[in-house]
Amino acid sequence: MSTTAEYASDGTTLVEVIRRFEAEGYSGQFSAVEGAALRCLTCRAVVGACDVELGLLRRTEGASDPDDMVAVAGLVCPACGAQGTVALKYGPESTPDEADVLAALEGTAGPATPPA
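Residues numbered from 1 in each chain as written. Predicted model: local features only at pLDDT ≥ 70, side-chain atom pairs only at ≥ 80, totals over all residues. Heavy atoms only, no water.

Caption draft 1: Broad picture of the pairing of strand 5 (residues 53-61). Judged by how many residues are buried, strand 5 sits mostly within the fold: 7 of 9 residues are covered. Of the strand pairs in this sheet, strand 5 and strand 6 (residues 69-76) are connected by 8 bridges, and their pairing is antiparallel. From the neighbouring strand, T60 faces strand 6, where its bridge partner is V70. (Buried < 20%, exposed > 50% of the residue type's maximum accessible area, 1.4 Å probe, protein only. Helix = DSSP H or I, 4+ residues; strand = E, 2+ residues; numbered from the N terminus. Pairing = 2+ DSSP bridges.)

Next up, the structure:
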C-alpha cells in the first residue's frame, strides 16, 4: 500500500481537497460506521477500516476556523474495488465512529492528532 499523507493549514477548502482526490480517481464515497468500519456507498458493503486500501490522506483546518479539522482519505473498497473518499472530523468535534475509523486508517491506538 502506497500512502501519501499531507497536513495542510494553508486555507485549502474541504471541497478543493475532495475535488483533487476525485481527479486522482477517488470518485466514490464511504461513510464511517460503528466499530471502526466504513460503508462503501457504491456496493453498500461494510468493511473494517483496517481492511481498506488507504491511498491518500489529507488533513485540513478550516480557512476561517482553525478548529474546523477534517481528514479526507482516499480509499479502495476491498469488496468491489471502488475508489472513493471519506471525510472524517478529528479532534474535539469528531464522533466516536470518525475517531475510531481515523485511528484504524492511521494504524494508531488513540485519537488522531496532527503533528506539531
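Caption draft 2: How the structure looks around the pattern of salt bridges. One pass over the structure, following the stated rule, counts 1 salt bridge. In this structure, R59 and E106 form a salt bridge, with 2.7 Å as the shortest nitrogen-oxygen distance. Of this pair, R59 sits in strand 5 while E106 sits in helix 2 (residues 96-106); the two residues are 47 residues apart in sequence, bridging distant segments of the chain. The class for E106 is partly exposed, based on a relative accessible area of 24%. (Salt bridge = Lys/Arg side-chain N within 4 Å of Asp/Glu carboxyl O.)

Caption draft 3: Here's a closer look at unusual backbone geometry. We note that A36 has phi near 55 degrees; this positive angle belongs to a residue other than glycine. Tracing the sequence through the fold places A36 in the loop between strand 2 (28-33) and strand 3 (37-40). Unlike most non-glycine residues, R44 shows phi in positive territory, near 70 degrees. Structurally, R44 is set in the loop between strand 3 and strand 4 (46-48). Exposure remark for R44: the relative accessible area of 49% places this residue in the partly exposed category.

Caption draft 4: The environment of V70, seen in detail. Residue position: V70 is located in strand 6. As for V70 and L14, which are separated by 56 residues in sequence, their C-alpha atoms are 7.7 Å apart. When neighbours within four sequence positions are excluded, V70 is seen to be in contact with L14, R58, R59, T60, A87, L88, K89 and Y90. (Contact = heavy atoms within 4.5 Å.)

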